[in-house]
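Below are the chains, spelled out letter by letter.
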Amino acid sequence: MSTEPPTDTAPSSSADAARPTAPERGRTAHDDRATAHVDHAAALPLDADIDVADAPRGLRPVHLRPRAVGLVALGGAAGTGVREALALTWPTAAGGFPVTIFAINIVGAFVLGVLLEFLGRRGSDEGRRRAARLLLGTGVLGGFTTYSTFMTDTANLAVTDHALGVALAYAAASLLVGVAASALGVALGSRIHETARRRATLEPAPGETTRSTGASR
């Protein structure tokens, strides 16, 4: 005969059912925001220029569509022209720190962070948002910034001008400050989107404004 005490199998009370579990009690608002961010990131495509939904319909990839190519070409020509004009206006002396190209790449990284974060939070990459990304992001900012000139300047400083210290400082500053500028741009793009969203939520619809005006008369 078993001598173990009987097990309490009575159903738990409603208070016990409503009591949060240990993980729920330790959950914070920061955890909720982190989960939402992960869900948002998981919904984004790995490559915005590959439309999986368009494949069964036989549509061309975005980079093979004449309109998309035209937007990138137009923006790239404008961005490259502005960069070249700035480089010719403020040239770099032999052995000197390439301030102009450095500033161009940092500004471009910052603006690109703002643009892509804002567009990504506005909705899926299609229609006007895609056109803006291709024209302004891939086109204008892609032509405005320059990785090739950055690498050429670094090599010339180290090999031709024998200014290894300047070359290392230029390379390190470009990478570190560029990453920081991109992060700041992403933060600003997110802030702009949230501000616009809250403003749109607080503003009444046109029909509601008309009804409230008529009721007050």
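Taking an unreviewed UniProt entry as the reference, the chain is identified by name as Fluoride-specific ion channel FluC belonging to Frondihabitans australicus. Taken directly from UniProt, the Subcellular location (unreviewed entry) text for the chain runs: "Cell membrane". As recorded by UniProt, the Catalytic activity (unreviewed entry) comment attached to the chain reads in full: "fluoride(in) = fluoride(out)".

Q: Would you take a moment to explain the UniProt feature "binding site: Na(+)" (unreviewed entry) in the chain for this structure?
A: Those places that UniProt annotates as "binding site: Na(+)" (unreviewed entry) correspond, in this numbering, to G142 and T145. A residue is classified by how much of its surface remains accessible, and G142, at 42% relative accessible area, is partly exposed. Relative to the helices and strands, T145 resides in the loop between helix 6 (127-144) and helix 7 (147-160). With a relative accessible area of 24%, T145 lands in the partly exposed category. For T145, the residues in contact, after removing those within four places along its chain, are R83, I104, N105, G108 and A109. In terms of polar contacts, T145 uses its side chain to reach the backbone carbonyl oxygen of L141, at 2.7 Å.

Q: Sorry, what's going on with helix 6 here?
A: What sets the pattern is the α-helix's 3.6 residues per turn: residues three or four places apart point alike. An ideal rise of 1.5 Å per residue puts 26 Å on 18 residues; helix 6 measures up with 24 Å between its terminal C-alpha atoms. Its maximal kink placed at R133, helix 6 deviates by approximately 25 degrees. When helix 6 is considered as a whole, its buried residues turn out to be R130, A131, A132, R133, L134, G137, G139, L141, G143 and F144. Contact partners of the buried residues in helix 6: helix 4 (66-89) and helix 5 (99-122).

Q: Sorry if this is basic, but what is going on with the packing of helix 4 against helix 6 here?
A: The description of two helices packed together rests on the angle between their axes and the distance between the axes. Their axes nearest at 6 Å, the elements helix 4 and helix 6 cross at an angle of 30 degrees. With respect to each other, helix 4 and helix 6 are oriented roughly parallel. In this structure, the crossing between helix 4 and helix 6 has a hand that is right-handed. In this structure, helix 4 uses R67, A68, L71, V72, L74, G75, G76, G79, T80, V82, R83 and L86 to contact helix 6, whose residues at the interface are A131, L134, L135, T138, G139, V140, G143 and F144. Residue composition of the contact of helix 4 with helix 6, by class: eleven nonpolar, seven polar and two charged.

Q: Is there a simple way to think about the nonpolar core in this case?
A: Most often, soluble globular proteins have nonpolar side chains that are buried together. Counting twelve residues, the largest nonpolar core is built from I101, F102, I104, I106, A109, F144, F150, L157, A167, Y170, A171 and A181. Residue assignment for this core shows that the elements contributing at least two residues are helix 5, helix 7 and helix 8 (164-202). Considering every element that reaches this core, the biggest residue donor is helix 5, with five residues. Beyond its immediate chain neighbours, meaning those up to four positions away, A171 contacts F150 and T154. Among the nonpolar cores identified, the runner-up in size contains five residues, and A68, L71, A131 and L134 belong to it.

Q: Any chance you could explain the packing of aromatic side chains here in plain terms?
A: What characterises a pair of aromatic rings is the spacing of the ring centres plus the angle enclosed by the ring planes. Evaluated as defined, the whole model comprises four aromatic pairs. Residues F97 and Y170 carry aromatic rings whose centres are separated by 5.4 Å and whose planes lie at 85 degrees to one another, so their mutual orientation is edge-to-face. Of this pair, F97 sits in the loop between helix 4 and helix 5 while Y170 sits in helix 8, and the two are 73 residues apart along the sequence. The partly exposed category is assigned to F97, whose relative accessible area is 32%. Seen from their ring centres, F150 and Y170 are 5.3 Å apart, and the 65 degrees between their planes marks the pair as edge-to-face.

Rules behind the numbers
Residues numbered from 1 in each chain as written. Predicted model: local features only at pLDDT ≥ 70, side-chain atom pairs only at ≥ 80, totals over all residues. Heavy atoms only, no water. UniProt positions renumbered as here; feature names shortened; annotations may be inferred. Buried < 20%, exposed > 50% of the residue type's maximum accessible area, 1.4 Å probe, protein only. Helix = DSSP H or I, 4+ residues; strand = E, 2+ residues; numbered from the N terminus. Contact = heavy atoms within 4.5 Å. Polar contact = N/O pair within 3.5 Å; in protein donor to acceptor, adjacent residues only side chain to side chain. Expected span 1.5 Å × (residues − 1). Bend = angle between axes of the 7 residues up to and from the residue. Axes fitted to C-alpha atoms, helices over the stretch in contact; angles between N-to-C directions. Parallel < 35°, antiparallel > 145°, perpendicular 65-115°, else oblique. Left-handed = near helix turned anticlockwise from the far one by under 90°. Nonpolar A, V, L, I, M, F, W, Y, C, P; charged D, E, K, R; others polar. Core = buried A, V, L, I, M, F, W, Y, C linked by side-chain atoms within 4.5 Å. Phe/Tyr/Trp six-rings, centres within 6.5 Å; stacked < 30°, edge-to-face > 60°.

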